[in-house]
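Fold and contact review
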Amino acid sequence: MRFVVIGAGMAGVLSGIRLRQAGYEDWIVYEKGDSVGGTWRENTYPGLSCDVPSHIYSYAFEPNPDWSQRFSPGAEIRRYFEGVADKYGILPRIRFNEEVERLEFRKGRWHLTLKSGKRDEADVVIAATGVLHHPMIPEIPGLGSFAGACFHSARWDHSVPTDGKRVGVIGTGSTAIQITSALVPSVAKFSLFQRTPQWIAPQENAAYTEAEKASFREDPIAFRKLADGLAKAFHESFSNGVVDANSEQMKNLEAACRENLEKSVKDPVLREKLRPNYRAACKRLIMSGDFYDAIQQPNAELVTEGIERIEPGGVRTKDGKLHELDVLVLATGFRVDRFLRPMKVIGRDGVDLEDAWKDRPKAYLSISIPGFPNLWSIYGPNTNGGLGPGAFHELVTRYALECMERLILDDKKEIEAKEDAYRRYNQVVDEGNARKVWSDPRAHNYYWTEYGRSAVMCPFRPSEIWRMLRHPDFEDLIVR
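All of the points below concern the structure found in this document.

For the rest of this paragraph, the subject is the layout of surface pockets. For the second largest pocket, the calculated volume is near 490 Å³. Mapped by element, the contributors of at least two residues to the lining of the second largest pocket are helix H6 (220–242), helix H11 (389–410) and helix H13 (462–469). In terms of residue count, H6 provides more of the lining of the second largest pocket than any other element does, seven residues in total. Taken together, the residues of the lining of the second largest pocket sort by class into 13 nonpolar, seven polar and five charged.

As for its position among the elements, proline 141 is in the loop between strand S7 (124–127) and strand S8 (149–152). Taking the C-alpha atoms as reference, proline 141 lies 38 Å from glycine 12; in sequence the two are 129 residues apart. Aside from chain neighbours lying at most four places away, what touches proline 141 is Glu308, Arg309 and Ile310.

With the rule as written, the count across this model stands at 21 aromatic pairs. Seen in terms of ring centroids, tryptophan 40 and tyrosine 57 are 5.8 Å apart; in terms of plane orientation they differ by 80°. Their pairing is edge-to-face. One end of the pair, tryptophan 40, is in helix H2 (residues 39–42); the other, tyrosine 57, is in the loop between H2 and helix H3 (74–87), with 17 residues separating them in the sequence. For tryptophan 40, a relative accessible area of 9% translates into the label buried. For the pair tyrosine 379 and phenylalanine 392, a centre-to-centre distance of 6.4 Å together with 80° between the ring planes defines the contact as edge-to-face. Of this pair, tyrosine 379 sits in the loop between strand S19 (375–377) and H11 while phenylalanine 392 is found in helix H11, placing the two residues 13 residues apart along the sequence. Residue class for tyrosine 379 comes out buried when judged on its relative accessible area of 16%. What makes phenylalanine 392 buried here is its relative accessible area of 5%. Of the aromatic side chains, those joined through ring pairs into one cluster are Trp40, Tyr57, Tyr59, Phe61, Trp67, Tyr80, Phe81 and Tyr88. The ring of tryptophan 27 has arginine 93 sitting right over it, with the charged end atom 4.5 Å from the ring centre. The cationic tip of arginine 406 hangs over the ring face of phenylalanine 474; the distance from NZ or CZ to the ring centre is 4.2 Å.

With that settled, the discussion passes to unusual backbone geometry. Looking along the chain, the bond that leaves arginine 341 and enters proline 342 is cis, with omega of 15°. Within the secondary structure, proline 342 sits in the loop between strand S17 (327–330) and strand S18 (344–346). The phi angle at asparagine 97 is positive, at roughly 55°, despite the residue not being glycine. When you line up the elements, asparagine 97 lands in the loop between strand S3 (94–95) and strand S4 (100–106). The exposure class assigned to asparagine 97 is exposed, which follows from its relative accessible area of 52%.

Evaluated as defined, the whole model comprises two cavities of 30 Å³ or more. What the largest cavity holds in volume is close to 50 Å³. Every residue along the wall of the largest cavity is listed here: Leu365, Ser366, Asn382, Phe392, Tyr425, Cys458, Phe460, Ile465, Met468 and Leu469. Here the element with the most residues in the lining of the largest cavity is H13; it accounts for three residues. The volume enclosed by the second largest cavity comes to roughly 40 Å³. Together, Thr172, Ile177, Leu192, Gln194, Gln198, Ile200, Leu274, Phe291 and Tyr292 line the second largest cavity. Taken together, the residues of the lining of the second largest cavity break down into six nonpolar, three polar and no charged.

Calculation notes
- Residues numbered from 1 in each chain as written.
- Predicted model: local features only at pLDDT ≥ 70, side-chain atom pairs only at ≥ 80, totals over all residues.
- Heavy atoms only, no water.
- 1 Å grid on protein atoms, 1.4 Å probe; cavity = no way out; pocket = protein on both sides within 12 Å on 5 of 7 lines; lining within 4 Å.
- Points joined across faces, edges and corners; volume = space filled by probe spheres on them.
- Helix = DSSP H or I, 4+ residues; strand = E, 2+ residues; numbered from the N terminus.
- Nonpolar A, V, L, I, M, F, W, Y, C, P; charged D, E, K, R; others polar.
- Contact = heavy atoms within 4.5 Å.
- Phe/Tyr/Trp six-rings, centres within 6.5 Å; stacked < 30°, edge-to-face > 60°.
- Buried < 20%, exposed > 50% of the residue type's maximum accessible area, 1.4 Å probe, protein only.
- Lys NZ or Arg CZ within 6 Å of the ring centre and 35° of its normal.

Worth remembering: the numbers are spatial, not functional.
Right, dumping it as structure tokens:
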């Protein structure tokens, strides 16, 4: 079998490692960027860090005792994935700056067309394309007229100085919160334009001492217990809590967010501007230990008036005020419903993926689509939440390789989800998501499509996901 992996982020590097360990020799990775790292290559903004503990945002088979903090900065995470790819000999198999434009299944194989004009064929395609790399650019009148530097947070222009400047940030997601904390101490004026306030969970992020890191290296068993303990706490306090709106964990989470707001923000007017009118975890929950302090500094302002337009001198809000700026940052998130797109994907008998996904992106167990055989999505529709990316990628990769092993043992060529299994699974997903805390429309979250269905959220507990993906249920799959 010949395999093609698309993407060299966390999931793509893992796929290459597992293919090599399984004994497959004919495989290649196509990466549209110039290095590994995925979202950690794309994002380089000031203050960038992960909101999942570092010791579980890594491969279980390649623990890192040298993380600098519990929640490590983005550059450090990127170096980790680069180091793992090098250690396991994956780099020579990656073709950088090669973007796949088209996938078409015909005569039993996938035919690939790359933007460079190259073509390739494969029996199996592993789509490790992720979701946090298609910037969402807001449609604001006059955006192109701004006279200063203007860029999306995922395309940070490091040639633009911010020290001593008037900086504006549009958005209040995790990115905007991290940028606020990082830039307020050094800029002349900082303006944060808020459409929807966010719940902020308190976060302690002390650096690991050299003695602690030495103990992690010297006692791998104790270190493994630490990582397992962090994973257990993450799953029990957050993953299990948010899928049950009435759970004790959810109540504790909400109480912690309320207490953080009440104790941290002194000005009652500002406090109410920062208070959401929806429950915690309706939007992606933000973790920060210093945002409330930053936004209360004399050189910082929270702007809650709606934006009328962008002008050469700054941002004009609906109250008529012009907020004069030197630098404007669009921290407006990503188009998280792209998945395989913008690739053109044509399955068996000319079926277009756009037609299969006309109401929302979906897949059986988030990884397989009827009519698109031997195509595995490692971080596909409805995977957010639950196990977290590291553990989920491990499960999906193993699931896909077990399916490939079945083809070899049975001397078959194709495997995909059955249509009825696909429909049953996604009906359960839609019904489950409709009952979850994140279904509240007041939150203005990125979880939902225009058709009223979530394309990204997973309504299951970690234990349920593990049970579904532990081994393939071949009753739900067609083997040809």
